[in-house]
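Coordinate analysis (summary)
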Amino acid sequence: QAAAGRLTSDAAEDPLAGERMSVDLDIELRSVTRHLRQEHGSLRSLSAGELVVLIAGGQSILVQLRNNWPVVTGRSRAGWDVAPVTRGFIGYKVRNNVDYSQFVHRRGEGPDPLWQEQMIIIRDVILPPIVERLNATISETERYSQPAPEPQRPMFLSTPRQQTIGLLSQVRRLRRLVRRR
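Topic: the overall build of the protein chain
- A tally of helices and strands in the protein chain yields 5 helices and 4 strands.
- Along its sequence from the N terminus, the protein chain presents helices and strands in the succession β-β-α-α-α-β-β-α-α.
- By residue count, 33% of the 181 residues in the protein chain fall in the buried class.
- About 12,200 Å² of surface is accessible on the protein chain, with carbon and sulfur atoms providing 53% of the total.

What about the nonpolar core?
- With 29 residues, the main nonpolar core has Leu-29, Ile-61, Tyr-92 and Val-94 as its most contacted residues.
- Counting residues per element, the ones that place at least two in this core are β2 (23–28), α1 (30–40), α2 (48–67), β3 (80–85), β4 (91–96) and α4 (114–145).
- Residue contributions to this core peak at 10 residues, all from α4.

A word on the packing of aromatic side chains
- Inspection of the entire model under this criterion finds 1 aromatic pair.
- Between Trp-69 and Trp-80, the aromatic rings sit 5.0 Å apart at their centres with planes inclined by 85 degrees, giving edge-to-face as the arrangement. Taken together, the residues Trp-69 in the loop between α2 and α3 (75–78) and Trp-80 in strand β3 connect sequence positions 11 residues apart. Accessibility assignment for this pair places Trp-69 and Trp-80 in one class, buried.

Conventions used here
- Residues numbered from 1 in each chain as written.
- Predicted model: local features only at pLDDT ≥ 70, side-chain atom pairs only at ≥ 80, totals over all residues.
- Heavy atoms only, no water.
- Helix = DSSP H or I, 4+ residues; strand = E, 2+ residues; numbered from the N terminus.
- Buried < 20%, exposed > 50% of the residue type's maximum accessible area, 1.4 Å probe, protein only.
- Areas by Shrake-Rupley, 256 points an atom, 1.4 Å probe, with all protein chains shown as cover.
- Core = buried A, V, L, I, M, F, W, Y, C linked by side-chain atoms within 4.5 Å.
- Phe/Tyr/Trp six-rings, centres within 6.5 Å; stacked < 30°, edge-to-face > 60°.

Rendered as structure tokens:
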């Protein structure tokens, strides 16, 4: 939805075409992109703190996938990889290059691929807190990266340099007065 943005998959390739079968998804965080545009006025690269939040979110996605993936040999479970993406879109690249990963399902639950079920859980449960933390971090970065406004001085006061020069000239006048007496 708004949090997940787009999910695209290369997993539905024709098995007869000789192509390698795998799961390859892009998760675009559109609401984060919108929030960044709104806060900054345009798109910009993520700050270090924002990138840390994005990376931590990727780890949460990876934990969800691996903890809920059935294990026979462990090969397809270990094949999951989640990489943060900041060029082209803000989000994640989710992959499992094990050739049979798109066909994995729980025993007795029918032919529906498990990766699709996991992506729905990730979209509905895992991504909303990530998006919320990332948006809050972007707001905080923008709030503290704005230059501090210069304090306004009243019009009748001179600049600090003029005040210093004026003070030195007063000191000279006082010295002259003291010497004359």
